[in-house]
Amino acid sequence: MEEYGREPCPWRIIDDCGGAFTMGAIGGAVFQSIKGFRNAPSGINKRFLGSLMAIKQRSPIIAGNFAVWGGMFSTIDCTLVHIRKKEDPWNSIISGAATGGILAARNGLPAMAGSAIIGGVLLALIEGVAIFFTRMSAEQFKPPSFTDDPQFASPPHGNPS
């Protein structure tokens, strides 16, 4: 059940987990470098050192959190594909909601419900935008229709007067 050139399900989990780790490492490094630079004492050398220290301390944690989210999301998504026997946007939406809920389970039922709603809504938005762009890009490859052009229209039926 390959879709969009993606790996089959058992390997997709590992692939998505690694991709999420990489995104978390790069994004965390950028964010933490800015945060460390701003929060360091004055002086350019101290600011660069503060930036480097913040990257070293926090970026691996952020990357790990992203990897956990990506691995859990892909595991739930592959499970839904196996159970439902089809790949559609509902799998991603349900996976996002379940992942958000499971990761917030330690904080209690209200936090779990809120995170599940946020996860489902975010994935629904992502899937909606993906469907929109897919349909918009499909429009440009649609073959031209000659029935819409007046010069190719059929003559009127009956008396022309």
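Residues numbered from 1 in each chain as written. Predicted model: local features only at pLDDT ≥ 70, side-chain atom pairs only at ≥ 80, totals over all residues. Heavy atoms only, no water.

## Concerning the overall build of the protein chain
In step 1: Regarding its fold elements, the protein chain presents 4 helices and 0 strands.
In step 2: Ordered by position from N to C terminus, the α and β elements of the protein chain give α-α-α-α.
In step 3: Per-residue burial for the protein chain yields a buried fraction of 23% across its 161 residues.
In step 4: Considering only contacts in the protein chain between residues 6 or more positions apart, those separated by 24 or more positions represent 52%. (Helix = DSSP H or I, 4+ residues; strand = E, 2+ residues; numbered from the N terminus. Buried < 20%, exposed > 50% of the residue type's maximum accessible area, 1.4 Å probe, protein only. Contact = heavy atoms within 4.5 Å.)

## Quick notes on the packing of helix α1 (residues 9–39) against helix α2 (residues 44–84)
In step 1: With their axes 5 Å apart at the nearest point, α1 and α2 run at an angle of 155 degrees to one another. By the criterion of interaxial angle, the relationship of α1 to α2 is roughly antiparallel. Here α1 and α2 pass one another in a crossing that is right-handed.
In step 2: Partitioned by chemical class, the residues of the contact of α1 with α2 number 17 nonpolar, 13 polar and 6 charged. (Axes fitted to C-alpha atoms, helices over the stretch in contact; angles between N-to-C directions. Parallel < 35°, antiparallel > 145°, perpendicular 65-115°, else oblique. Left-handed = near helix turned anticlockwise from the far one by under 90°. Nonpolar A, V, L, I, M, F, W, Y, C, P; charged D, E, K, R; others polar.)

## Details of unusual backbone geometry
In step 1: Unlike most non-glycine residues, Lys85 shows phi in positive territory, near 65 degrees.
In step 2: Checked against the element boundaries, Lys85 lands in the loop between α2 and α3 (89–103).

## What about helix α4 (residues 109–139)?
In step 1: Between its terminal C-alpha atoms α4 stretches 45 Å, which fits the 45 Å expected from 31 residues at 1.5 Å a residue.
In step 2: Residues of α4 that are buried make contact with α2 and α3. (Expected span 1.5 Å × (residues − 1).)

Keep in mind these numbers describe shape, not what the thing actually does.
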